[in-house]
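# Geometric and topological summary
Letter by letter, the chains look like this.
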Amino acid sequence: MGGRIKKSKAFYCRRNGRVFRIVQGQDKRWTLYRVEEVSDRGEVLGSYQGRREANKALEKIAYAPEPRR
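An account of the accompanying structure is given in this report. (Residues numbered from 1 in each chain as written. Predicted model: local features only at pLDDT ≥ 70, side-chain atom pairs only at ≥ 80, totals over all residues. Heavy atoms only, no water.)

### What to know about the side chain of Thr 31
Checked against the element boundaries, Thr 31 lands in strand 4 (residues 30-35). When sequence neighbours within four positions are dropped, the list of residues in contact with Thr 31 reads Arg 21, Ile 22, Val 23, Val 44, Gly 46 and Ser 47. (Helix = DSSP H or I, 4+ residues; strand = E, 2+ residues; numbered from the N terminus. Contact = heavy atoms within 4.5 Å.)

As structure tokens, this is what we get:
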């Protein structure tokens, strides 16, 4: 994954020109978001038991075609 941005509890990374954010909730699950910029709340892509599972999903999602909006 990427790294943390100052004072943020989330991790950010860039893959294939897209920015993603992953946050651990109070239930200890990790939620993966697709964001346009750091201040963006983002679109939820999935919730995962651990960071390893989120990383595996990210590898597939990052290189899949972008959905039309």
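Here the narrative resumes, following the displayed structure.
### Overview of the pairing of strand 2 (residues 11-15)
Within strand 2, four of the five residues are buried, leaving the element largely enclosed by the surrounding structure. Bridge analysis of strand 2 against strand 3 (residues 18-24) gives five bridges, and the strand direction is antiparallel. The partner of Phe 11 across the bridge, within strand 3, is Ile 22. (Buried < 20%, exposed > 50% of the residue type's maximum accessible area, 1.4 Å probe, protein only. Pairing = 2+ DSSP bridges.)

### Concerning the environment of Ala 62
Turning to its location among the elements, Ala 62 is positioned in helix 1 (residues 51-62). Between the C-alpha atoms of Ala 62 and Arg 18, which are 44 residues apart in sequence, the distance is 7.1 Å. For Ala 62, the residues in contact, after removing those within four places along its chain, are Arg 15, Asn 16, Arg 18 and Phe 20.

### A look at the environment of Tyr 12
Relative to the helices and strands, Tyr 12 resides in strand 2. Spatially, the C-alpha atom of Tyr 12 lies 9.3 Å from that of Val 35, the residues being 23 residues apart in sequence.

### Some thoughts on the packing of aromatic side chains
For the structure shown, the criterion picks out one aromatic pair. With a centroid separation of 6.2 Å and an interplanar angle of 50 degrees, the aromatic rings of Phe 11 and Trp 30 are classed as tilted. A residue pair is termed long-range when its members are at least 10 positions apart, and Phe 11 in strand 2 and Trp 30 in strand 4 qualify at 19 residues. Taking relative accessible area as the criterion, Trp 30 reaches 10% and is therefore assigned buried. In this structure, Arg 34 is placed above the aromatic ring of Phe 20, and the distance from its NZ or CZ to the ring centre is 5.9 Å. (Phe/Tyr/Trp six-rings, centres within 6.5 Å; stacked < 30°, edge-to-face > 60°. Lys NZ or Arg CZ within 6 Å of the ring centre and 35° of its normal.)

This is a description of form; function is not addressed.
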